[in-house]
Amino acid sequence: MIDFHNVHKAYRVNGRDIAALQPSDLAIARGEVFGIIGHSGAGKSTLLRLINRLEEPSGGRIDVDGEDVTALDANGLRRFRQQVGMIFQHFNLLSSKTVADNIALPLKLAGELSSSAIEQRVAELLDRVGLNDHAKKYPAQLSGGQKQRVGIARALATKPKILLCDEATSALDPQTTASVLDLLAQINRELNLTIVLITHEMDVIRRVCDRVAVMDAGVIVEHGPVTEVFLHPKHPTTKRFVMEAEQIDENEQRDAFAHVSGRIVRLTFQGESTYAPLLGVVARETGVDYSILAGRIAHIKDTPYGQLTLALTGGDIDAALARFGASDVHLEVLR
């Protein structure tokens, strides 16, 4: 659906070009939820806003649904933007207009539907985001989560192919964040809508995204399926995000394991193997004893996973490692 070909962006500041996005290639598939994560200043907002040309690229080509959007003139760009919805961190609702009028605004600007058709479309959208009883309220009368649902409904008004989410949950509390992410996942499933979201929170990526790109200083340093990037991070920036999400202090953990005897390994389970009784089987077969030093069992979107850090002592440790390696788990020997 979206292809970046050597796309880059620089801003002119005091006579100097400051790079916000280094030359980048990126492919986002039709119908997936694609996350872009990075700390403040990493370039993720710039990348997102290049997709609908709210930012103009300094070079390269961006294809969306097979069309080179960098070559569009003003009329072509207006037509194209009707196919791209966008929701914002701080909602960007018009305070003087009701909920219904905020949602109707893109349809009125497009000028393609009658008043009755617009009313019908607004009613459909209010139902989809669960705000049927709030049509005549004003933004000031809504909670943060309700405002963002209005923003989502407005973004869907013109039946776009792509939905861009600019830190859509960072202004919300955790419970409201979860409900908004669930709504986005539902929209993705039911409408087969391609969603691109940016965030600085790994938990948002883990909860809703299929694939992710990690950015640092204008560079895409790592990308791939969320399960692979989250469970087996390679770049230091990705590892920091994972440790922050799991509240892991690598130095503290290393110090805590310093006085633990035996071989220390980390096992990563995915899918149905997460629930298999592998540890007991290996212990019985090889006579190895194990202590669980750290662990987590959770989900990445719909995929269950588990990671256990173990200290192995006694028995035939090499046979135990071979048995783990032959099973449907990922084995790392830490010490």
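Further up the page is the structure itself.
Residues numbered from 1 in each chain as written. Predicted model: local features only at pLDDT ≥ 70, side-chain atom pairs only at ≥ 80, totals over all residues. Heavy atoms only, no water.

Q: Would you explain the environment of Ser 179 in this entry?
A: Summarising the element assignment, Ser 179 is placed in helix H6 (residues 174-191). A relative accessible area of 27% places Ser 179 in the partly exposed class. When the C-alpha atoms of Ser 179 and Gln 148 are compared, they prove to be 11 Å apart, with 31 residues separating the residues in sequence. (Helix = DSSP H or I, 4+ residues; strand = E, 2+ residues; numbered from the N terminus. Buried < 20%, exposed > 50% of the residue type's maximum accessible area, 1.4 Å probe, protein only.)

Q: Where do I start with the sheet that holds strand E5 (residues 67-68) in this structure?
A: Two modes of strand pairing occur in sheets, parallel and antiparallel, and in both the strands are linked by backbone hydrogen bonds. Sheet architecture is open: four strands sit in the order E2-E1-E4-E5, paired in antiparallel fashion. Strands at the two margins of the open sheet, each flanked by one partner only, are strand E2 (16-28) and E5. Note that strand E4 (residues 59-64) and E5 share two bridges and pair antiparallel. Bridge pairing in E5 places Asp 63 opposite Asp 68. Helix-sheet contacts for helix H1 (residues 44-51) involve strand E1 (2-13), E2 and E4, and the interaxial angle to E1 is about 120 degrees. (Pairing = 2+ DSSP bridges. Contact = heavy atoms within 4.5 Å. Axes fitted to C-alpha atoms, helices over the stretch in contact; angles between N-to-C directions.)

Q: What exactly am I supposed to notice about the pattern of salt bridges here?
A: Tallying each qualifying case throughout the model produces 17 salt bridges. The residue Lys 44 makes a salt bridge to Glu 167 at a minimum N-O spacing of 3.9 Å. Of this pair, Lys 44 sits in helix H1 while Glu 167 sits in the loop between strand E7 (162-166) and H6, placing them 123 residues apart in sequence. The buried category is assigned to Glu 167, whose relative accessible area is 9%. Note that Asp 65 and Lys 161 form a salt bridge whose closest N and O atoms lie 2.6 Å from each other. Of the two residues, Asp 65 is situated in the loop between E4 and E5 and Lys 161 in the loop between helix H5 (144-156) and E7; the sequence distance between them amounts to 96 residues. Overall, Asp 65 belongs to the partly exposed group, its relative accessible area being 31%. Judged by its relative accessible area of 37%, Lys 161 is partly exposed. Taken together, the salt bridges that share partners define one network made up of Arg 30, Asp 65 and Lys 161. (Salt bridge = Lys/Arg side-chain N within 4 Å of Asp/Glu carboxyl O.)

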